[in-house]
Amino acid sequence: MSLKLIIGNKNYSSWSLRPWIAMRHAGIAFEEEVIPLYEPGSRERVLTYSPVGKVPILIDGDMTIWESLAILDHLAERFPKAQLWPADPRARAHARAISAEMHAGFGPLRRHCPMNMRRVSRKRELTAEVAADVRRIEDIWTDCRRRFGEGGPFLFGAFSAADAMYAPVVSRFASYAIGVGAACEAYMTAMMALPAWQEWRSVGVAEPWVMPGNDVD
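Rules used throughout
- Residues numbered from 1 in each chain as written.
- Predicted model: local features only at pLDDT ≥ 70, side-chain atom pairs only at ≥ 80, totals over all residues.
- Heavy atoms only, no water.
- Core = buried A, V, L, I, M, F, W, Y, C linked by side-chain atoms within 4.5 Å.
- Buried < 20%, exposed > 50% of the residue type's maximum accessible area, 1.4 Å probe, protein only.
- Helix = DSSP H or I, 4+ residues; strand = E, 2+ residues; numbered from the N terminus.
- Contact = heavy atoms within 4.5 Å.
- Polar contact = N/O pair within 3.5 Å; in protein donor to acceptor, adjacent residues only side chain to side chain.
- Pairing = 2+ DSSP bridges.
- Axes fitted to C-alpha atoms, helices over the stretch in contact; angles between N-to-C directions.

Our next topic: the nonpolar core. Membership of the largest hydrophobic core comes to 60 residues, with the highest contact counts inside it found for Ile-21, Leu-109, Trp-141, Leu-155, Phe-156, Tyr-166 and Phe-173. Going through the elements one at a time, strand E1 (3-7), helix H1 (14-26), helix H3 (68-78), helix H4 (89-104), helix H6 (128-148), helix H7 (161-175), helix H8 (182-192) and helix H9 (195-206) are the ones with two or more residues in this core. Ranked by residue count, the leading element in this core is H7, at nine residues. Apart from the residues within four sequence positions on either side, Leu-155 is in contact with Ile-98, Trp-141, Cys-144, Arg-145, Phe-148, Gly-149, Ala-162, Asp-163, Tyr-166 and Tyr-187. Among the nonpolar cores identified, the runner-up in size contains nine residues, and Ile-6, Ile-35, Ile-57 and Ile-59 belong to it.

Moving on, we get to the environment of Lys-4. On the secondary structure map, Lys-4 appears in strand E1. Once the C-alpha coordinates of Lys-4 and Leu-58 are considered, the two residues, 54 residues apart in sequence, prove to be 5.8 Å apart. Sequence-distant contacts of Lys-4, defined by excluding residues within four places in its chain, comprise Glu-31, Glu-33, Tyr-49, Ile-57, Leu-58 and Ile-59. Of note is the side chain of Lys-4, whose polar atom sits 3.2 Å from the side chain of Tyr-49.

Reading across the sheet, the four strands line up as E2-E1-E3-E4 and stay open at both edges, with mixed pairing between neighbours. Looking at strand neighbours, the two that pair on one side only are strand E2 (31-34) and strand E4 (63-65), the edges of this open sheet. The sheet shows a mean angle of 15 degrees between the axes of neighbouring strands, direction not considered. Here four bridges tie E1 to E2, and the two strands are oriented parallel to one another. The residue bridging Ile-6 from the neighbouring strand is Glu-33, located in E2. Relative to strand E3 (residues 57-60), H3 is tilted by about 30 degrees, and along the sheet it contacts E1, E3 and E4.

All quantities given are derived from atomic positions and should not be read as evidence of function.
The structure is reproduced here in structure tokens:
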């Protein structure tokens with residue numbers, strides 16, 4: 001049965017990036033529909049798919065899943081061979097915890113450094129709250145790489161749903177030239193080298209739409 005993923009602008013929509021990059025990297029076939037955000041009629045179009053009027057939305061037959069982490073969980077159950085969560089129970093529990101932390105937190109970073117893949121990389125002065133978010137994320141990445149990253153360059157070695165959840169943060173750190181330690185730099189390099197990342201970015205930077213709230217300069 002075919003899957004359809006409804007997403008927002010690739011340049012700006014951080015939540016859309018999460019399931020998209022997981023599906024593309026895992027080789028899960030799907031149809032995509034881009035609905036540019038904050039354009040006339042865009043919310044009404046999204047509401048035809050989702051009761052909350054937000055993207056992303058996954059249509060799987062007669063099922064509709066309208067939240068990024070829920071989509072990733074559904075995909076992990078639907079496609080177990082994709083191994084979207086680590087096989088080891090300890091690693092899997094940790095991956096779920098940091099994914100939930102990403103989902104629920106880091107508001108200051110989201111607001112101060114909105115995702116904008118088109119932005120030429122340059123520093124932006126960080127508030128104390130944003131700097132605290134950056135330090136926490138750096139601690140998460142460093143700890144995951146040290147404890148679970150032996151089998152590859154990602155947080156838990158192989159690419160997982162946790163990497164999909166943190167993909168927009170990688171974009172933010174790159175766009176706003178936020179300095180991190182060597183282990184985190186290596187992780188970011190691995191993420192941005194993924195063919196799926198490159199595909200998403202190349203389309204995103206070429207999009208015609210502009211969201212002034214996400215172009216902070």
